[in-house]
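Chain by chain, the residues run as shown.
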Amino acid sequence: METELRIEARNLLEKGTVKSIIGFTKGSLKFTTTPLFIRNPDDVHKLVVNRFIKNNLAKYLAEVKECVGIVVKGCDSRSVVSLIQDKQINRDNVVILGIACPGMIDVFKVEQLAGCDRDLIDDISVSDNVAIIDFGGRRKEVELSQVLYDSCLDCKCPVPTEYDLLVSGLSHIGRNEDVGKAKIQELKRMLPEQRWTFWKEQFRHCIRCYACRQICPVCYCERCFIESSEPRWLSPMAQWQHNLGFQIIRTIHVAGRCTDCGECERACPQNIPLRSMVGEMSDLVFKMFNYQAGSDKNAPSFMAAYEVTEAEEIFR
Amino acid sequence: MAFKKTAKNNITKLMTAWSHDFKIMVPTRKNSVIEFGDWDGKDVDFWVWYRNTVVPPKVFLLPVWEEMIRFSKNNHGWGLEVPGSEQKVLIFGVRPCDARGMAIINDVFKDGYPDYYYDIKRRRTVTVGLNCVQPYDSCFCTSMGIDPAMSKDVDVMLIDAGDDFIMEALTDAGAKLLHGEFIRSASAQEVQMARSMASSVTGKIHRKLNTHGLSEKLLDRFSDTELWEEIAAKCLSCGICTFLCPTCFCFEIYDESFKKQGSRYRGWDSCSFKLYTQMPMENPREEKWKRIRQRVCHKFEFHPINTGNFACTGCGRCIRLCPVNWDITQVIAQITGTMDSSLTEPSKNKV
């Protein structure tokens, strides 16, 4: 997979089709990768493809003003399409290097299974549908689905919807909605009062670092509503009510554009289960309007489109 | 001061005694996140699993947000009230890196004019340090001149000695804690043994940050736009690295009022944010690379020039919590031209 990608990346750079390539390279910590920006064709050997390329690189497209190549997984490709639909980027300026995504490993789940932190795990490897975890002289073999991200287990289209080159090699283990939606279902089963207590407690821990917003590819507003001071919609102080308010509004703002890539939840240093909010929103959008974010670049953007038939009685 | 010791299974009783005077904060796990939380009075054994918290203990001196004044209008005019508590707080289990972080922030708030809100919390806070036994792979405190086995920046320092903790009071406030039936004297030999056992931790820290001539090198490359743009490329401009840094202290102030009453708050702010210092005119650092440069240069150039100390303790939070693995040790290596090639070579990952 890597070889194919590197050859194509070299071609694109050498021919001058793109000025740079945005991809992944080995990270500085175990089991991590990090975004990589390549301009020099001789650097393409740094590109990696593995089960730890969790970031959604579409985030960087809004910043780039030149023609670029970008490495995307299924969900990321839909974010790129979302950006095209929203006219944030021009399709002609992006060469999409798609990866048929095999599902990404959630190191946090591996930590839970091993009972130790990431850096104390010696190795994580995959053989067919089995994940092999080596730690402290011990080995544990579990079904692969036990260590993939919830968002990956719940993924409707691991293969990019839009691409110029498709790299495949590892097949996705398939959808497992029960596991992928377990957290959301658990919340849905709660009584409203219990759910309220749950979220209140979660958002007491929010520190307003805005990592959830900053990492979100479709949070591209020049100025976020939370930063408006005239009028001031919500307090900039990290009080739980306002933290929750911020996240609810952000969730609605990304409706129809959120591809449930899970980056907001992964980025949160306080482990607030944000995917339970945005994931549920994506589901609602799909169920109510049969609209899946980023599946068609020619479709109108969700919030900007309106059909009389879909309106509630009061608007008709 | 003389060394004391206490058996680990006496810690609960000791904390019970302390809890008459202090609200006690201990490492707790909530949501799989480690934080200093209220001690619930039950037996503790956090030293078995505790490595470090996500939010550093600076939060007790400079909370995420706090109310500064409360104002309201009555028949006689405007009334002002300063909310706040006199409750003394004891933070149990502060790591040497974070203790140094608090000392660095202390220097800042001592400078110029006293900060009432900071001082009141500083005075009512007592820290009990605990030696580090299992550093993360992101830790590089030894490069920043910190001994993970020992701290002089706390009120009482504890060293894990198997069944006991060796205890040393470093301040008067600390000395007041070390008496009563659960505290014994420790012999010179016991102290020596515990120290030598604890000092082996430095061998577990492999990450290095080369500080040799760093301030000067940063000054040299200050105007190298291309370098800074490259360094900043993957940064998301979120607040994780600054908010969770044990030495970052920036805050913003915000007034909120409704009808005839309101409050003035202050809360954490970050130089990573586009709107940082946007009041009242403009942000001098509109571009991302300028904000990144500010953060790096503040920690390793401006702060050392002003105080003689780097504003970094090598706790590694900014590395391990960064959503895109922006790594300060790599960045400094890039600036000083001492990049370790093993970090840039592609992975041989089997997955």
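Residues numbered from 1 in each chain as written. Chains lettered and ligands numbered in written order. Predicted model: local features only at pLDDT ≥ 70, side-chain atom pairs only at ≥ 80, totals over all residues. Heavy atoms only, no water.

Re the environment of Lys-5 of chain B
Residues and elements named next belong to chain B.
Then, in step 1: Topologically, Lys-5 is positioned in strand E1 (residues 3–7).
Then, in step 2: Residue class for Lys-5 comes out buried when judged on its relative accessible area of 19%.
Then, in step 3: For the pair Lys-5 and Ser-185, spaced 180 residues apart in the sequence, the C-alpha separation amounts to 5.9 Å.
Then, in step 4: A distance of 2.7 Å separates a polar atom in the side chain of Lys-5 from a polar atom in the side chain of Glu-190. (Helix = DSSP H or I, 4+ residues; strand = E, 2+ residues; numbered from the N terminus. Buried < 20%, exposed > 50% of the residue type's maximum accessible area, 1.4 Å probe, protein only. Polar contact = N/O pair within 3.5 Å; in protein donor to acceptor, adjacent residues only side chain to side chain.)

Section: the packing of aromatic side chains
Then, in step 1: Enumeration over the complete set of coordinates arrives at 27 aromatic pairs over all chains.
Then, in step 2: Note on Tyr-210 of chain A and Phe-273 of chain B: the rings are 5.8 Å apart at their centroids and 65 degrees apart in plane angle, and the pair reads as edge-to-face. Remark: Phe-273 of chain B occurs in the loop between strand E12 (261–268) and helix H9 (288–307) and Tyr-210 of chain A occurs in the loop between helix H7 (192–204) and helix H8 (211–215); the pair is interchain, linking two chains. Per residue, the accessibility class of Tyr-210 of chain A equals that of Phe-273 of chain B, and both read buried.
Then, in step 3: Each ring, one from Phe-71 of chain B and one from Trp-78 of chain B, has its centre 6.1 Å from the other, and the planes form 65 degrees; the classification is edge-to-face. (Phe/Tyr/Trp six-rings, centres within 6.5 Å; stacked < 30°, edge-to-face > 60°.)

Things to note about the sheet that holds strand E4 (residues 65–74) of chain B
All names here are of chain B.
Then, in step 1: In space, the four strands of this open sheet follow the order E5-E4-E12-E11, with antiparallel pairing throughout. Looking along the sheet, the strands with just one partner apiece sit at the ends: strand E5 (77–81) and strand E11 (251–258). Between one strand and the next, the sheet's axes are offset by a mean angle of 20 degrees, whatever the strand orientation.
Then, in step 2: The pairing of E4 with E12 spans seven bridges and is antiparallel. Among the inter-strand pairings, Ser-72 is bridged to a residue of E12, identified as Gln-261. (Pairing = 2+ DSSP bridges. Axes fitted to C-alpha atoms, helices over the stretch in contact; angles between N-to-C directions.)

Description of the nonpolar core
Nonpolar side chains tend toward joint burial in soluble globular proteins.
Then, in step 1: Core analysis: the largest hydrophobic core is formed by 161 residues, its most contacted members being Trp-18, Trp-228, Val-296, Phe-300 and Ile-328 of chain B.
Then, in step 2: Listed in part, the 18 residues of the second largest apolar core include Ile-105, Val-107, Ile-121 and Val-147 of chain A. (Core = buried A, V, L, I, M, F, W, Y, C linked by side-chain atoms within 4.5 Å.)

Observations concerning the environment of Asp-45 of chain B
Then, in step 1: The residue Asp-45 of chain B is located in the loop between strand E3 (33–38) and E4 in this model.
Then, in step 2: In this structure the C-alpha to C-alpha distance between Asp-45 of chain B and Thr-12 of chain B, which are 33 residues apart in sequence, comes to 9.3 Å.

Here we look at the interface of chain A and chain B
Then, in step 1: Counting residues at the interface gives 57 residues for chain A, matched by 53 residues for chain B.
Then, in step 2: For the pair chain A and chain B, the two sides together bury roughly 4300 Å², of which 56% comes from carbon and sulfur.
Then, in step 3: Along the contact surface separating chain A from chain B lie four salt bridges.
Then, in step 4: The partner of Arg-51 of chain B in a salt bridge is Asp-119 of chain A, and the shortest N-O contact between them spans 2.8 Å.
Then, in step 5: Here the side of chain A that touches chain B is composed, by residue class, of 22 nonpolar, 19 polar and 16 charged. (Contact = heavy atoms within 4.5 Å. Buried area = accessible area lost by both parts, 1.4 Å probe. Salt bridge = Lys/Arg side-chain N within 4 Å of Asp/Glu carboxyl O. Nonpolar A, V, L, I, M, F, W, Y, C, P; charged D, E, K, R; others polar.)

A closer look at the domain arrangement of chain A
Residue and element names in this part refer to chain A.
Then, in step 1: On domain assignment, one finds that chain A holds domain 1 (2–106 + 148–304) and domain 2 (107–147).
Then, in step 2: The interface of domain 1 with domain 2 comprises 14 residues on the first partner and 16 residues on the second.
Then, in step 3: When the two sides are added together, the surface that domain 1 and domain 2 hide from each other amounts to roughly 1300 Å², 57% of it contributed by carbon and sulfur.
Then, in step 4: A per-residue breakdown of the area domain 1 buries against domain 2 is headed by Lys-30, Phe-31 and Asp-106, which together make up 44% of the total.
Then, in step 5: There are one salt bridge connecting domain 1 and domain 2.
Then, in step 6: On inspection of domain 1 and its partner domain 2, the count reaches 11 residue pairs in polar contact (both at pLDDT 80 or more).
Then, in step 7: Of the residues assigned to the side of domain 1 that touches domain 2, the class counts are nine nonpolar, one polar and four charged. (Domains from an automatic or database assignment.)

As for empty space enclosed by the protein
Residue and element names in this part refer to chain A.
Then, in step 1: On inspection of all chains with the given rule, the structure shows eight cavities of 30 Å³ or more.
Then, in step 2: Approximately 310 Å³ is the volume found for the largest cavity.
Then, in step 3: Taken together, 32 residues make up the lining of the largest cavity; nearest its centre are Arg-78, Asp-154, Cys-155, Thr-259 and Asp-260.
Then, in step 4: Mapped by element, the contributors of at least two residues to the lining of the largest cavity are helix H2 (74–85), helix H4 (150–153) and helix H11 (275–289).
Then, in step 5: The element that contributes the greatest number of residues to the lining of the largest cavity is H11, accounting for five residues.
Then, in step 6: Tallied by class, the residues present in the lining of the largest cavity amount to 13 nonpolar, nine polar and 10 charged. (1 Å grid on protein atoms, 1.4 Å probe; cavity = no way out; pocket = protein on both sides within 12 Å on 5 of 7 lines; lining within 4 Å. Points joined across faces, edges and corners; volume = space filled by probe spheres on them.)

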